[in-house]
Amino acid sequence: MESIALALPVLLLAIGIEYYVAKRKKLAVYKFNDTVSNLSIGILDRVAGLLTAGFFFFVYDFLHQRFAIINIQQNWVSWVLLFLLVDFLWYWYHRSSHEINLFWAVHVIHHSSEEFNYSVGTRITIFQSLARLLFWAILPIIGFPALMIMPVLLIQGVYPFFVHTQLIGKLGWIEYILVTPSHHRVHHGNNETYLDKNYGGFFIIWDRMFGTYAEETEEVRYGLTHQLQTNSLLWQFFHFFLELYYAAKLTKGFGNKLKVLFGGPEQIDPSIREQLELIFLSRSKRLPLAKKFKTYVVVQLIFIIMVLIAMLYFYNQLNLLIATSVSLIILITLINCGAILEQKKWVFNLEFARFLLASGMIAVFTEQPLIWLVVITLTEAVLVNFSAIKRSYMKGLKPSKKFVK
């Protein structure tokens, strides 16, 4: 975990450098709402990874101990072979994630950004990691020990982050061997000629071998063929699960329902999402978000990133209750940021819930009576002035002549 804690600032620095260079070149590479959404999803993935850190190692070690066909020893040949196998399996996992609806449901969130920059490289979820587990589980069964598998997976997971950029052009002969930013721009394009192309993680050779390679020849349009047009964290995570559920529900026959789950995304009727958006998403006109609320969102993200780095660094010293409580506050904060961007009326209630949770944590984990007194006094003050505080908050967030309680 310490290595991840140290790597996280490097990734954030890369995002900062790319943003600075893009601004100097006057390129519209970053948009505020989209970047906040990308970072929120990335932070949530790291929190989930923190709570499930030992699970993946346990699974690989269990499979190796019980089912390994041979016991592969560590040497340079086995390390190279493992790296190639990991990338080969990545290709098939990635391809399956675009061709099978159940896997697309956990992968679609990575493609739902309409931008393409390093912050999009953080846009992954724990659900994707669990899906990859199914493919990489063959490695310990072949005979690779978990102590070999985990560091290779870490390297294989970091490299794709650096191909999410528009600032690096084509790289000559490297384009024939490694996955480059040019290749991955194609993969994220919704241009008809670019759909379902360039699945490789580290090597592009698999795409060339299996007929899924496409060269970047025209300007790329990023995102889904039917854009989400929302910054709601919950909707981005679960919209396609809902689409699958309703598509299966509307389909007659058990065999046909299975075809919905294991068929391709193109088989899902686009009108289903439109109907679900009418039910679950508010399409009321939103005024531009006030600068103070944009600043507030940025401050929240900076704070929870610092908390996350500290949690990763001191992971071995945390007990489960503290880790779970802080993770819950981070989750609420991320939902809160998305709700502010969407100017949701219920966001203040979420703010209040976070305040109560944080106050409760301080009361439970501190042994200072003076701090208890401060927390109790502050809580009482908020409760007494709840309506007035909410009214002021909502008028600033969503200016209107009529305040809806």
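No experiment lies behind these values; they were computed from the predicted model shown. (Residues numbered from 1 in each chain as written. Predicted model: local features only at pLDDT ≥ 70, side-chain atom pairs only at ≥ 80, totals over all residues. Heavy atoms only, no water.)

**So, the side chain of Ser182**
So, point 1. Along the chain, the position of Ser182 falls in helix 9 (residues 181-187).
So, point 2. Here Glu216 takes part through its side chain, which lies 2.7 Å from a polar atom of the side chain of Ser182. (Helix = DSSP H or I, 4+ residues; strand = E, 2+ residues; numbered from the N terminus. Polar contact = N/O pair within 3.5 Å; in protein donor to acceptor, adjacent residues only side chain to side chain.)

**Considerations on the UniProt feature "domain: Fatty acid hydroxylase" (unreviewed entry) in the protein chain**
So, point 1. This chain's UniProt record puts "domain: Fatty acid hydroxylase" (unreviewed entry) on residues 79-212.
So, point 2. Segment residues 79-212 splits into 55% helix and 0% strand. End C-alpha atoms: 27 Å apart. (UniProt positions renumbered as here; feature names shortened; annotations may be inferred.)

**A look at unusual backbone geometry**
So, point 1. Look at Asp196: it is not a glycine, yet its phi comes out positive at around 60 degrees.
So, point 2. Looking at where Asp196 falls in the secondary structure, it is placed in the loop between helix 9 and helix 10 (205-210).
So, point 3. Its identity is not glycine, yet Gln343 carries a phi of approximately 55 degrees, on the positive side.
So, point 4. Its location among the elements puts Gln343 in the loop between helix 15 (320-342) and helix 16 (347-365).

**Considerations on the UniProt feature "transmembrane region" (unreviewed entry) in the protein chain**
So, point 1. Feature annotation in UniProt assigns "transmembrane region" (unreviewed entry) to the following positions: residues 40-63, 75-93, 133-155, 293-314, 320-339, 346-364 and 370-389.
So, point 2. Its end C-alpha atoms 31 Å apart, residues 293-314 is made of 95% helix and 0% strand.
So, point 3. In the segment residues 346-364, helix accounts for 95% and strand for 0%; the C-alpha atoms at its two ends are 27 Å apart.

**A look at helix 15**
So, point 1. When the terminal C-alpha atoms of helix 15 are compared, their 33 Å separation across 23 residues agrees well with the 33 Å that a helix rising 1.5 Å per residue should span.
So, point 2. In terms of burial, helix 15 is a largely internal element, 17 of the 23 residues being buried.
So, point 3. Gln343 sits one or two positions beyond helix 15 and adopts a positive phi of about 55 degrees. (Expected span 1.5 Å × (residues − 1). Buried < 20%, exposed > 50% of the residue type's maximum accessible area, 1.4 Å probe, protein only.)

**Some words on the environment of Lys197**
So, point 1. With respect to the helices and strands, the residue Lys197 is situated in the loop between helix 9 and helix 10.
So, point 2. It is 5.4 Å that separates the C-alpha atoms of Lys197 and His187, two residues lying ten residues apart in sequence.
So, point 3. Residues contacting Lys197, with those up to four places away along its chain left out, are Val186, His187, Gly211, Thr212, Tyr213 and Ala214. (Contact = heavy atoms within 4.5 Å.)

**Details of a nonpolar patch on the surface**
So, point 1. A contiguous nonpolar surface patch, about 410 Å² in accessible area, is contributed by Trp76, Val77, Val80 and Leu84.
So, point 2. Tracing the backbone through its elements, the reader meets Val77 in helix 4 (residues 76-99).
So, point 3. For Val77, a relative accessible area of 47% gives the class partly exposed. (Patch = residues over 30% accessible without salt bridge, like charges linked within 9 Å, V, L, I, M, F, W, Y side chains within 5 Å. Areas by Shrake-Rupley, 256 points an atom, 1.4 Å probe, with all protein chains shown as cover. Salt bridge = Lys/Arg side-chain N within 4 Å of Asp/Glu carboxyl O.)

**Side note on the side chain of Ser325**
So, point 1. As for its position among the elements, Ser325 is in helix 15.
So, point 2. Setting aside residues no more than four positions away along its own chain, Ser325 makes contact with Leu357, Met361 and Phe365.

**Examining the nonpolar core**
Buried together is how nonpolar side chains tend to be arranged in soluble globular proteins.
So, point 1. Grouped together as the largest cluster of nonpolar side chains are 37 residues, with contacts concentrated most on Ile43, Leu301, Ile330, Leu334, Ile340, Tyr393 and Leu397.
So, point 2. At the level of elements, helix 2 (32-51), helix 11 (233-250), helix 14 (291-313), helix 15, helix 16 and helix 18 (386-397) are the ones that each hand at least two residues to this core.
So, point 3. In terms of residue count, helix 15 provides more of this core than any other element does, eleven residues in total.
So, point 4. Residue contacts for Leu334: discarding those within four places in its chain leaves Ser40, Ile43, Leu44, Leu233, Leu301 and Ile304. (Core = buried A, V, L, I, M, F, W, Y, C linked by side-chain atoms within 4.5 Å.)

**Considering the packing of aromatic side chains**
So, point 1. Overall, the coordinates contain 33 aromatic pairs when judged by the stated rule.
So, point 2. Ring centres of Phe237 and Phe238 lie 5.9 Å apart, and the angle between their planes is 40 degrees; on these two criteria the pair is classed as tilted.
So, point 3. For Phe238, a relative accessible area of 36% corresponds to the partly exposed category.
So, point 4. Here the aromatic residues Phe88, Tyr91, Trp92, Tyr199, Trp206 and Phe210 are joined through ring pairs into a cluster of three or more.
So, point 5. If you follow Arg208 out to its NZ or CZ, it ends over the ring of Tyr213, 4.0 Å from the centre.
So, point 6. Just above the ring of Phe32 sits the side chain of Lys294; from NZ or CZ to the centre is 5.3 Å. (Phe/Tyr/Trp six-rings, centres within 6.5 Å; stacked < 30°, edge-to-face > 60°. Lys NZ or Arg CZ within 6 Å of the ring centre and 35° of its normal.)

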